[in-house]
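# Structure assessment
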Protein chains: 2
Amino acid sequence: MKNSFIIKADICYSKNSKEIKTYKDSYLVCQDGYSKGVFKEIPDIYKSLEVYDYSGNLVLPGLIDLHVHAPQYKYRGLGLDLELLEWLDTYTFPEEAKYSDLNYAKDAYEKFVEDLRDSSTTRAAIFSTLHVESTILLMDMLEKSGLITYVGKVNMDRNGADNLEEKSFDESSENTLEWLKKIDGLYERTFPIITPRFIPSCSDKLMENLSKIRKEYNLAIQSHLSENQNEIAWVKELCPESKFYGDAYDRFGLFGGDYKAIMAHCVWSNDEERELLKKNKVFIAHCPNSNMNLSSGIAPVRKYLDEGQNIGLGSDVAGGIHLSIFKQISDAIQVSKLYWRLVDQTCKPLSIEEGFYLGSLGGGKFFGKVGSFEKDYEFDAIVLDQTAWSCENLNIRQKLERAIYMSCDKDVIHKFVRGRKIF
Amino acid sequence: MKNSFIIKADICYSKNSKEIKTYKDSYLVCQDGYSKGVFKEIPDIYKSLEVYDYSGNLVLPGLIDLHVHAPQYKYRGLGLDLELLEWLDTYTFPEEAKYSDLNYAKDAYEKFVEDLRDSSTTRAAIFSTLHVESTILLMDMLEKSGLITYVGKVNMDRNGADNLEEKSFDESSENTLEWLKKIDGLYERTFPIITPRFIPSCSDKLMENLSKIRKEYNLAIQSHLSENQNEIAWVKELCPESKFYGDAYDRFGLFGGDYKAIMAHCVWSNDEERELLKKNKVFIAHCPNSNMNLSSGIAPVRKYLDEGQNIGLGSDVAGGIHLSIFKQISDAIQVSKLYWRLVDQTCKPLSIEEGFYLGSLGGGKFFGKVGSFEKDYEFDAIVLDQTAWSCENLNIRQKLERAIYMSCDKDVIHKFVRGRKIF
């Protein structure tokens, strides 16, 4: 049977945001790309399946990156001395402009896709640039990688740079339609997603058009929300009729509800915005590393969990430095401790269980039944080599802790996405 | 000539807390263990020296770890769900008690010393446990490693655990004297340092004795200060006559002045304490990773720099997770941004230059003329392989940025300490 096999290893996954399930030396069954659960002994009906023996290694569901900018990978770890808006103008826009050159894009995206493939991430929601051809190039590469991703050609018809802006809402809309037509039917694992960069980059007319296109093609949407205080003030100026930042998306029907939406950051979302996020089941992409680097602040993740928001993690490269979602989990836990200590002592720090949930099942929900090994979940798994961290005498929860704090992604030795062995 | 050679590479070091010096494709001269400076061409007088050609690699002064607990290395990245005092009782004291067993100590310290040797650190101030024999074992291993370190047998005669406490101030003092006598004359690169664990662990009488021993042997001292708010409240209870936490050391003459002192953390030091730190030239070991993990808070490093305090970085393993001082530099920069954003907008975030200064020259001053390649500084250097980070077209400052944000210590390919090639 295609994509059917058994993994023998130490196994761990999130049951919910509070609990993990751990299984020492057990058998994880994948049938036709779906998990059939974890067993102490191989059930008779699966006895014919091939067994990958990863005894002693830790196997986790693949991690989920809900927010990453592929064209920013090349300059990660550079120029982190500015806040968001100045950072975009100074570093981001000049770099993204280079992706009009397909050769430049090819070299840079090859490295990005290679490193993403080798990382702990199995699924991601990705921003490209506004360029149609290089976006398609990126999607081609991602499809070949075996990862499952959403990719958005970025829309921006105002407040960009001379060489990084679509000339009108019409041009931006037409580019989007051209892109969608060109990729129609090409991919099994790579999906388009409507991607207005953020409110300051998109005129009202563009937002109206994107909303129509979204409906026509029945697509999801991804964008940025309430990352930085100056950004929020600017949105207020640009959209005086909006009650709050999220409302500026919602009034165009680009804020989730009966379709899927990801909003990155939500560092400064007020009560009304949080209510609408919840009502519309928007996925919050918490990006703690980026929120430190760009001096944005700390998102109140404890509140989001208590409210039952949809929430996962984003690397937000290159606001964030590392593709590793393990790194985002440890950062999320660490900044939640500072939030408790310095901002609001009613917001208890995140536990290991909660951090892991955010990076796996929490973000996985955006992709469907993903991010767990419970029966009938799509089978994404990573196999970790932990020998460098002296994990011999640790229990599985401790091995998970070490992975969260110490993994740098080079320790991912095998990877499966929807049952397909990637390496 | 012994320990004399030339390195050809891209070279960078701190001139002061605000400025770095960068030299592309240049020659760094080491004579008899001391730097003779950096040159575009090899000066005639050095033409006979051997040249190590590390062209294309980045060479930096060795980094300095002002605060690390060797016996905690084994459980790094585990049990970070408690604040300081509960964390000590629950995880630290039971683990440190095991170091009465020399076989246990040998295995654990071997791994610690091996990893420290392979890291970006060339010099460190280290806590062992209260055990004399295993402390000597650790010092033997460190001496062989070629690193230059201060090591403290820990003193604690109260508020420890049943199996981790010296029975009286007399026993603790005698143990300390026994230790000092046994190691007398043994080492060239490994120095004893008086190490009262912290005020809650040491009775007044013990502190009096330690002060006498310190004077008699002319030693430096290291301890912890104002890390956690509950700890500070406890010190107030234990020492009602002290004006502030630092004063509880100072009234016993254990807070620097005419000899060297390191105080780790200083997260919550008040104005009076900061004045005394400055007056006594105490070295502050800023440990940002640990201060996040144990929910301690963020030290006001901007204030310390502006006040002209002596300050460097500490990994504080296992409150901190990583031995890498690069990691401490990036954490220091990141939390300084959160401090600015969330606590005090008069405290500007740290720059790359300032972070690098803290991890090299800032901490290096504790060891003398260390942490720089200026003429007549002791020659500690690390050579970084940056090929994995695509640094080809970057300038040297950008290469430094990438090292700070992306190094995981495995990229240190050569290391020199006081002119001796370690690997």
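Structure: see above.
So, here's what we can say about the structure. No experiment lies behind these values; they were computed from the predicted model shown. (Residues numbered from 1 in each chain as written. Chains lettered and ligands numbered in written order. Predicted model: local features only at pLDDT ≥ 70, side-chain atom pairs only at ≥ 80, totals over all residues. Heavy atoms only, no water.)

Time to look at the overall build of chain A. Broken down by element type, chain A carries 13 helices and 17 strands. The dimensions of chain A, computed from C-alpha atoms along their principal axes, are 60 × 50 × 40 Å. Counting over 423 residues, chain A shows a buried share of 66%. A total accessible area of about 14600 Å² is found for chain A, and carbon and sulfur atoms account for 47% of it. Taken as two groups, the 53 positive and 64 negative side-chain charges of chain A have centres that lie 6 Å from each other. (Helix = DSSP H or I, 4+ residues; strand = E, 2+ residues; numbered from the N terminus. Buried < 20%, exposed > 50% of the residue type's maximum accessible area, 1.4 Å probe, protein only. Areas by Shrake-Rupley, 256 points an atom, 1.4 Å probe, with all protein chains shown as cover. Lys, Arg positive; Asp, Glu negative; His and termini not counted. Charge placed at Lys NZ, Arg CZ, Asp CG, Glu CD.)

Turning next to helix α3 (residues 132-145) of chain B. Residue and element names in this part refer to chain B. If you check α3, its first and last C-alpha atoms are 20 Å apart, about what 14 residues at 1.5 Å a residue would give, namely 20 Å. Of all 14 residues in α3, 10 are buried; the element is thus mostly enclosed. Buried residues of α3: Val132, Ser134, Thr135, Ile136, Leu138, Met139, Met141, Leu142, Glu143 and Ser145, and no others. The inward-facing, buried residues of α3 abut α2 (102-118), β6 (121-127), β7 (148-152), α4 (169-183) and β9 (190-192). Immediately downstream of α3, the backbone of Gly146 shows phi near 90°, a positive value. (Expected span 1.5 Å × (residues − 1). Contact = heavy atoms within 4.5 Å.)

Attention shifts here to the relation of the copies chain A and chain B. What relates the pair of chain copies is a rotation about an axis plus a shift along that axis. For the match of chain A to chain B, the screw axis carries a shift of 0.0 Å, the RMSD comes to 0.0 Å, and the turn is 180°. The two molecules are tied by a two-fold rotation axis, judged by turn and shift. Looking at chain A, 100% of its interface residues are interface residues in chain B too, so the copies touch through the same face. (Least-squares fit on C-alpha atoms with pLDDT ≥ 70 in both.)

Turning next to the pairing of strand β3 (residues 34-39) of chain A. The side chains of a regular strand alternate, residue by residue, between the two faces of the sheet. Residue and element names in this part refer to chain A. Here five bridges tie strand β2 (residues 20-31) to β3, and the two strands are oriented antiparallel to one another. Paired with Leu28 across the strands is Val38, a residue of β3. Connecting the antiparallel pair β2 and β3 is a turn made up of two residues, with Asp32 showing a positive phi of about 55°. (Pairing = 2+ DSSP bridges.)

Turning next to the packing of helix α4 (residues 169-183) of chain A against helix α5 (residues 204-217) of chain A. All names here are of chain A. At a minimum axis separation of 9 Å, α4 and α5 run at an interaxial angle of 20°. The orientation of α4 relative to α5 falls into the category roughly parallel. In the packing of α4 onto α5, the handedness of the crossing is right-handed. Contact residues: α4 offers Phe169, Asp170, Ser172, Ser173, Thr176, Leu177, Leu180 and Lys181, while α5 offers Lys205, Leu206, Asn209, Leu210, Ile213 and Tyr217. (Axes fitted to C-alpha atoms, helices over the stretch in contact; angles between N-to-C directions. Parallel < 35°, antiparallel > 145°, perpendicular 65-115°, else oblique. Left-handed = near helix turned anticlockwise from the far one by under 90°.)

Residues and elements named next belong to chain A. Within strand β16 (residues 412-417), five of the six residues are buried, leaving the element largely enclosed by the surrounding structure. Here strand β15 (residues 381-384) pairs with β16 via four bridges, running antiparallel. Looking at the pairing, Leu384 lines up with Val412 of β16. Note: β16 against strand β17 (residues 420-421), two bridges, orientation antiparallel. Looking at the pairing, Phe416 lines up with Lys421 of β17.

What characterises a pair of aromatic rings is the spacing of the ring centres plus the angle enclosed by the ring planes. According to the stated counting rule, one finds 42 aromatic pairs over all chains in the structure shown. Note on Tyr245 of chain A and Tyr249 of chain A: the rings are 5.8 Å apart at their centroids and 10° apart in plane angle, and the pair reads as stacked. Taken together, the residues span about one helical turn, with Tyr245 of chain A and Tyr249 of chain A both in helix α7 (residues 245-250) at a distance of four residues. Summarising the burial analysis for this pair, Tyr245 of chain A and Tyr249 of chain A share the class buried. Between Tyr52 of chain B and Phe416 of chain B, the aromatic rings sit 5.6 Å apart at their centres with planes inclined by 45°, giving tilted as the arrangement. You can see Tyr52 of chain B sitting in strand β4 (residues 51-61) and its partner Phe416 of chain B sitting in strand β16 (residues 412-417), a full 364 residues away along the chain. Aromatic rings pair up to connect Phe5, Tyr13, Tyr23, Tyr52, Tyr54, Phe373, Phe379 and Phe416 of chain A into one cluster. Above the face of the Tyr73 of chain A ring, Arg76 of chain A is positioned so that its terminal group lies 3.8 Å from the ring centre. We note Lys260 of chain B situated over the ring of Phe366 of chain B; from NZ or CZ to the ring centre the distance is 4.5 Å. (Phe/Tyr/Trp six-rings, centres within 6.5 Å; stacked < 30°, edge-to-face > 60°. Lys NZ or Arg CZ within 6 Å of the ring centre and 35° of its normal.)

Moving on, we come to the packing of α2 of chain B against α3 of chain B. Residues and elements named next belong to chain B. Between α2 and α3, whose axes approach to 10 Å, the crossing angle comes to 30°. With respect to α3, the element α2 is oriented roughly parallel. The element α2 and its partner α3 pack so that their crossing is right-handed. Across the interface between the two elements, Leu102, Ala105, Lys106, Tyr109, Glu110, Phe112, Val113, Leu116 and Arg117 from α2 touch Glu133, Ser134, Leu137, Leu138, Met141, Leu142 and Ser145 from α3. In terms of residue class, the contact of α2 with α3 is made up of 10 nonpolar, two polar and four charged. (Nonpolar A, V, L, I, M, F, W, Y, C, P; charged D, E, K, R; others polar.)

Turning our attention to the interface of chain A and chain B. Facing the 43 residues of chain A at the interface are 43 residues of chain B. Summed over the shared surface of chain A and chain B, the result is two salt bridges. With a shortest N-O distance of 3.2 Å, Arg341 of chain B and Glu83 of chain A are connected by a salt bridge. Taken together, the connections running from chain A to chain B amount to 18 residue pairs in polar contact (both at pLDDT 80 or more). Among the elements of the structure, α9 (288-293), α11 (325-342) and α13 (396-406) of chain A are those that each provide at least two residues to the side of chain A that touches chain B. (Salt bridge = Lys/Arg side-chain N within 4 Å of Asp/Glu carboxyl O. Polar contact = N/O pair within 3.5 Å; in protein donor to acceptor, adjacent residues only side chain to side chain.)

This paragraph deals with the sheet that holds strand β15 (residues 381-384) of chain B. All names here are of chain B. Taken together, seven strands build an open sheet; the order of strands is β3-β2-β1-β4-β15-β16-β17 and the sheet is mixed. Where the open sheet ends on each side, the last strands, each with one partner, are β3 (34-39) and β17 (420-421). When β4 meets β15, the two strands line up antiparallel, connected through four bridges. If you follow Pro61 over to β15, its bridge partner there is Ala381. The strands touched by helix α13 (residues 396-406) within the sheet are β1 (5-14), β2 (20-31), β4 and β15, with β2 carrying the most contacts at an inclination of about 80°.

Let's shift gears to the nonpolar core. Ranked by size, the top nonpolar core spans 248 residues in total, and within it Phe112 and Ile126 of chain A together with Phe112 and Ile126 of chain B carry the most contacts. Not counting residues up to four positions away in its chain, the partners in contact with Ile126 of chain B are Val68, Ala70, Phe112, Leu116, Leu138, Leu142, Thr149, Tyr150, Val151, Gly152 and Gln222 of chain B. Membership of the second largest hydrophobic core comes to 17 residues, among which are Ile7, Tyr13, Leu28 and Val59 of chain B. (Core = buried A, V, L, I, M, F, W, Y, C linked by side-chain atoms within 4.5 Å.)

It is worth spelling out the sheet that holds β17 of chain A at this point. Spatial ordering of the open sheet is given by β3-β2-β1-β4-β15-β16-β17 (chain A), a layout of seven strands whose pairing is mixed. Strand pairing shows two members of the sheet lacking a second neighbour, β3 and β17 of chain A, which therefore form its edges.

It is worth spelling out the pattern of salt bridges at this point. Residue and element names in this part refer to chain A. Overall, the coordinates contain 54 salt bridges over all chains when judged by the stated rule. Here Glu110 and Lys106 are joined by a salt bridge, their closest N and O atoms 3.1 Å apart. In this pair, Glu110 and Lys106 both sit in helix α2 (residues 102-118), four residues apart, roughly one turn of the helix. A relative accessible area of 37% means that Lys106 is categorised as partly exposed. When salt bridges that share partners are traced, they join Lys18, Arg302, Asp306 and Glu354 into one network.

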